[in-house]
2 protein chains.
Amino acid sequence: MATTDQDDQLVTPWEVTAASQKGVDYDKLIKKFGSTKIEDSLIERIARLTGKPAHHLMRRGIIFSHRDVGLILDAYEKGKPFFLYTGRGPSSEAMHLGHLIPFVFTKYLQDVFDVPLVIQMTDDEKFLWKDMSVEEARRLASENAKDIIAFGFDKEKTSSPDFYKTILRVEKCVTVNQVKGIFGFNDSDCIGKISFPAIQAAPSFSCSFPQIFGGKKDIACLIPCAIDQDPYFRMTRDVAPRLGYPKPALLHSTFLPALQGAMTKMSASEASTSIYLTDSADDIRDKINKYAYSGGQSTVEEHRRVGGNVDVDVSYQYLTFFLEDDEKLAKIEKDYSSGAMLTGDLKKELISVVQQVVAEHQQRRQQVTEQMVQEFMTPRKLKYSS
Amino acid sequence: MATTDQDDQLVTPWEVTAASQKGVDYDKLIKKFGSTKIEDSLIERIARLTGKPAHHLMRRGIIFSHRDVGLILDAYEKGKPFFLYTGRGPSSEAMHLGHLIPFVFTKYLQDVFDVPLVIQMTDDEKFLWKDMSVEEARRLASENAKDIIAFGFDKEKTSSPDFYKTILRVEKCVTVNQVKGIFGFNDSDCIGKISFPAIQAAPSFSCSFPQIFGGKKDIACLIPCAIDQDPYFRMTRDVAPRLGYPKPALLHSTFLPALQGAMTKMSASEASTSIYLTDSADDIRDKINKYAYSGGQSTVEEHRRVGGNVDVDVSYQYLTFFLEDDEKLAKIEKDYSSGAMLTGDLKKELISVVQQVVAEHQQRRQQVTEQMVQEFMTPRKLKYSS
């Protein structure tokens, strides 16, 4: 699973590369991973069940793939609850735009379904994989926690219990052979990496905690995550029946492309590919103007004649993530493709949208106190019925 | 390290067998493990430094091997503190006589050196290796904690901090290749076993906790343990310099033989080999009379003529562990070897000694409250200067 396939695209929890400026071929990925493409009927069903419009990330195919979400909806329809699980591996002090996506989408899911949420901070993963001290990884987790708190999740329904017992149970079900097959580990890897997948798996089985649905083992878990995290949850789904839990369901998102283009994803460790949530309005303007890969033509005349290519244009791609107004987006696509809109104008549009997203986030983050972080980082009880 | 050597003796953290009724050849084990035999001069030095007589377990060669204890004593002589680390893997509700040994000896060390002690309960190990639920392993740990508390360790100087950060640090330093080499693991083992050695290693580095010597990283650790635990601490000693800690020193004990003879050690999971700390006076009498392997001759006449063999006689061996009176022990050895003492009389002597040891333990254990167990199982601060 961790090797480059014939199409020269590599998608693992630690690396994402594609040979084409169009980025990862997600249809091929669905086939390779064995997940299910999200059809319009599923999106309509969610809108119908929740009585709220489907999220634009779903409508636009950014949340593109899933596993067993139908089962979650079946249960929900019968009045049976479920819970959400998402997480964050804190690789840098400042989160970037791409990190917003799972939390924006998870916030929507918590709001429309009114369900508990478990958030796991995997600073342990970052310590094991990166050249970083435990203390530094923990500090980054605290900093990232402020950003997560800023999303305004229902505090009484959002927490992270102490998973050690569940981690042990998962560790006992998974062999070295299995993690080698799934993650491409080998005997030169440290033993921390070998056992880490059990840590990421464990919160999928949070329902057994008394504070979530009273400890009933048959409550399903729905995990919104980027598609690169799927290997962890394929393993988790294999283990689930042996531990007597339902398999967690998944909703997969695509990657927010790097500023330089969709051949890789935005990466916190490469500053020039990223717009950080700490960037100033001027930083955002400068980075987009300087780095955002353009699908436009090399001269104005040529552009007016041929038009821009939205399939590779990073600014347009970003708008699909962050501009909620469907009509406006459709007009931009039309005008840019026809050549009526120039790259400079498209970038100006994106700059204004991103500046607003980031400024609003910064405002909310400023309200986060150290005490809120302390509470967030400490396992505590969840309120599980409204 | 985990394979049977040419002498047909196998000593791993999970199995101990010897081909001879004399039991494990400990001199060969010292050579194989690369540890150091305890010389009289070391025993005398400990007596001199502490101003107390050396413990009978040391005087009689039951604590027989060590690593770097000289360095601990050098530091102690210069007024530099150290701390003790020992542990318990709770494999059954009732601990047996063999389990007493490390705690009896550790209690002596804490008393004469007046140093902090960290005790680790490895119910996680038992869960991973045995057919047992997490809850059952934890329950056994609580039960065993009562026995440990009954030893009367200085409560203010005995605890177990939360080791997760240290575990991660160790996990990052040790490869799959290394644990395969040291412990004989293979790719069919579960990932929990693969990473467990880091859990057992971590308390060796407890000195970095603020509550033990103010967080100074250069305070050494002394680990009293049975020799089968040495592989864990060989690994720990390899890792120590990379993490900037001193290598932990070790004091190794031999095994208390099974009732049936020294070809294996007393095992909690095989009831007929064991005297439990919960056994009644009658149980103890019956078990010793029925099972304790005798080095005596088959008829009284033969015994009077040839004498008994104390090297293989389990009752005599047990007296070396539990009868503190050196003169009395010497007389028993002389009389039994000469044939003046019969097996029945030797067993009668042992029965009385063991009944007293167990009855005293049961009395102390009865004083242990649930609150004391709760406190013991919860990480808390240590008092580290008297």
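Residues numbered from 1 in each chain as written. Chains lettered and ligands numbered in written order. Predicted model: local features only at pLDDT ≥ 70, side-chain atom pairs only at ≥ 80, totals over all residues. Heavy atoms only, no water.

As recorded by an unreviewed UniProt entry, chain A carries the name Tryptophan--tRNA ligase, cytoplasmic and is attributed to Branchiostoma lanceolatum. Recorded in UniProt for chain A, the comment headed Sequence similarities (unreviewed entry) runs: "Belongs to the class-I aminoacyl-tRNA synthetase family." (UniProt positions renumbered as here; feature names shortened; annotations may be inferred.)

Peer 1: Just to check I follow, could you spell out the sheet that holds strand 6 (residues 117-121) of chain B for this structure?
Peer 2: In any sheet, the strands associate via hydrogen bonds between backbone groups, in a parallel or an antiparallel arrangement. All names here are of chain B. Spatially, the seven strands line up as an open sheet ordered 3-4-9-8-5-6-7, and their pairing is mixed. Two strands in the sheet have a free side with no partner beyond their single neighbour: strand 3 (36-37) and strand 7 (158-159). Across five bridges, strand 8 (residues 220-226) lies against strand 9 (residues 249-253) in parallel orientation. Considered in strand 9, the bridge of Leu 222 is made with Ala 249. Packed on one face of the sheet, helix 5 (residues 97-113) meets strand 4 (63-67), strand 5 (82-88), strand 6, strand 7, strand 8 and strand 9 and runs near 165° to strand 5. (Pairing = 2+ DSSP bridges. Helix = DSSP H or I, 4+ residues; strand = E, 2+ residues; numbered from the N terminus. Contact = heavy atoms within 4.5 Å. Axes fitted to C-alpha atoms, helices over the stretch in contact; angles between N-to-C directions.)

Peer 1: Would you mind going over the relation of the copies chain A and chain B with me for this structure?
Peer 2: Two chain copies, one operation linking them: a rotation about an axis together with a shift along it. Mapping chain A onto chain B calls for a rotation angle of 180° and an axial translation of 0.0 Å; the resulting RMSD is 0.0 Å. What the superposition gives is, in effect, a two-fold axis relating one chain to the other. Taking the C-alpha atom as reference, chain A places A:Ser195 closest to the rotation axis, 3.2 Å from it. Comparing interface residues between copies, 100% of those in chain A also sit at the interface in chain B, which points to an isologous, same-surface contact. (Least-squares fit on C-alpha atoms with pLDDT ≥ 70 in both.)

Peer 1: Sorry if this is basic, but what is going on with the interface of chain A and chain B here?
Peer 2: Interfaces are often sized by the amount of accessible area the parts lose when they come together. Listed as interface residues are 31 residues of chain A and, on the opposing side, 31 residues of chain B. Looking at the side of chain A facing chain B, the largest losses of area belong to A:Lys172, A:Asp187 and A:Ile191, adding up to 26% of the total buried there. Our count for the contact surface shared by chain A and chain B stands at four salt bridges. A salt bridge links B:Glu135 to A:Arg169; the shortest N-O distance between them is 2.3 Å. Taken together, the connections running from chain A to chain B amount to 23 residue pairs in polar contact (both at pLDDT 80 or more). Elements represented by at least two residues in the side of chain A that touches chain B include exactly helix 6 (123-129), helix 7 (134-149), helix 8 (164-173), helix 9 (176-183) and helix 10 (191-201) of chain A. Split by residue class, the side of chain A that touches chain B holds 14 nonpolar, six polar and eleven charged. (Buried area = accessible area lost by both parts, 1.4 Å probe. Salt bridge = Lys/Arg side-chain N within 4 Å of Asp/Glu carboxyl O. Polar contact = N/O pair within 3.5 Å; in protein donor to acceptor, adjacent residues only side chain to side chain. Nonpolar A, V, L, I, M, F, W, Y, C, P; charged D, E, K, R; others polar.)

Peer 1: Whenever I open this one, the packing of helix 8 of chain A against helix 10 of chain A confuses me. Can you help?
Peer 2: Describing two packed helices takes the angle between their axes plus the distance from one axis to the other. Residues and elements named next belong to chain A. Remark: helix 8 packs on helix 10, axes separated minimally by 8 Å, with the N-to-C direction vectors making an angle of 130°. By the criterion of interaxial angle, the relationship of helix 8 to helix 10 is oblique. Like other packed secondary-structure pairs, helix 8 and helix 10 cross with a definite hand, here right-handed. In this structure, helix 8 uses Ile 167, Val 170 and Glu 171 to contact helix 10, whose residues at the interface are Ser 195, Ala 198, Ile 199 and Ala 201. Taken together, the residues of the contact of helix 8 with helix 10 break down into five nonpolar, one polar and one charged. (Parallel < 35°, antiparallel > 145°, perpendicular 65-115°, else oblique. Left-handed = near helix turned anticlockwise from the far one by under 90°.)

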